Amino acid sequence: EPEVTQTPSHQVTQMGQEVILRCVPISNHLYFYWYRQILGQKVEFLVSFYNNEISEKSEIFDDQFSVERPDGSNFTLKIRSTKLEDSAMYFCASRAGQAGGYTFGSGTRLTVV
Amino acid sequence: QKEVEQDPGPLSVPEGAIVSLNCTYSNSAFQYFMWYRQYSRKGPELLMYTYSSGNKEDGRFTAQVDKSSKYISLFIRDSQPSDSATYLCAMSANTGNQFYFGTGTSLTVIP
């Protein structure tokens, strides 16, 4: 069964450093998303991406965050200057069309120290 | 933000039991609803996707939506130990917009 692949599975970074989280969505999917889940809290929306541009973003997704689809397969989330409160599980998701459920990846656990 | 409320449990049932998982919400504009299952340290796995009110069945799973009460349910029949996981509800006003998730209910099915 097709799956969304995320790398790395766990990343530890120092506060203030830049991190790039990588995702390979399902190949025929056109809509891409990043969500995050702080330990013990709800899954929270960050950003949606379609046709090479952001279609919606949350208040969390400030100027420190950016997304990119650098080629036909990868979808990345960059955090420019990490803060302790950015520590969370980051999930990439994709879907073929604008309707229907998402397929999530297994997540990247980001730990900022 | 308390858009979506979900009892975190934990819920513990014997194998074979019928499980009822529920979410309530405050935004009457929500009309797209999803249920996910999440195993420890894994990404959420889609179980059900429904639109508006009514029931939808898929194997041992039935999703119910009551928009008048702002209440959704997921029923699991003949529960199995492999159903032990956290169950997340999620909902949106417009299928193209972000989904709002509940906190998840932790379920353990005891053999």
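One can find the structure itself at the top, above this paragraph.
Residues numbered from 1 in each chain as written. Chains lettered and ligands numbered in written order. Predicted model: local features only at pLDDT ≥ 70, side-chain atom pairs only at ≥ 80, totals over all residues. Heavy atoms only, no water.

Here we come to the pattern of salt bridges. The tally for this structure, following the rule as stated, stands at six salt bridges over all chains. One salt bridge connects A:E44 with A:R36, and the closest N-O pair in it is separated by 3.3 Å. By relative accessible area, A:E44 is classed as partly exposed at 24%. For B:R60, the salt bridge is made with B:D83, and the minimal N-O distance between the two is 2.9 Å. (Salt bridge = Lys/Arg side-chain N within 4 Å of Asp/Glu carboxyl O. Buried < 20%, exposed > 50% of the residue type's maximum accessible area, 1.4 Å probe, protein only.)

Counting through the fold element by element, B:Q38 comes out in strand 4 (residues 32–38). Looking at B:Q38, its side chain comes within polar contact range of the side chain of A:Q37, at 3.4 Å. With near-sequence residues (within four places) excluded, B:Q38 lies in contact with A:Q37, A:F91, B:G43, B:P44, B:A85, B:T86 and B:L88. (Helix = DSSP H or I, 4+ residues; strand = E, 2+ residues; numbered from the N terminus. Polar contact = N/O pair within 3.5 Å; in protein donor to acceptor, adjacent residues only side chain to side chain. Contact = heavy atoms within 4.5 Å.)

One finds B:W35, B:I72, B:L74, B:Y87 and B:M91 to be the most contacted residues of the largest nonpolar core, which totals 23 residues. Here B:I72 is in contact with B:L21, B:N22, B:C23, B:Y25, B:F33, B:W35, B:Q64, B:V65, B:C89 and B:M91, once residues within four sequence places are set aside. Residues A:F32, A:F61, A:F65 and A:C92 belong to the second largest nonpolar core, which totals 22 residues. (Core = buried A, V, L, I, M, F, W, Y, C linked by side-chain atoms within 4.5 Å.)

Our focus in this paragraph is the interface of chain A and chain B. Opposite the 18 residues of chain A that make contact, chain B presents 21 residues. A combined buried area of about 1,700 Å² lies between chain A and chain B, and 52% of that area is made up of carbon and sulfur atoms. Linking chain A with chain B are zero salt bridges, by the criterion used here. The tally of links between chain A and chain B comes to six residue pairs in polar contact (both at pLDDT 80 or more). Of all elements in the fold, only strand 4 (31–37), strand 5 (43–50) and strand 9 (88–95) of chain A reach the threshold of two or more residues within the side of chain A that touches chain B. When its residues are assigned to classes, the side of chain A that touches chain B shows eight nonpolar, six polar and four charged. (Buried area = accessible area lost by both parts, 1.4 Å probe. Nonpolar A, V, L, I, M, F, W, Y, C, P; charged D, E, K, R; others polar.)

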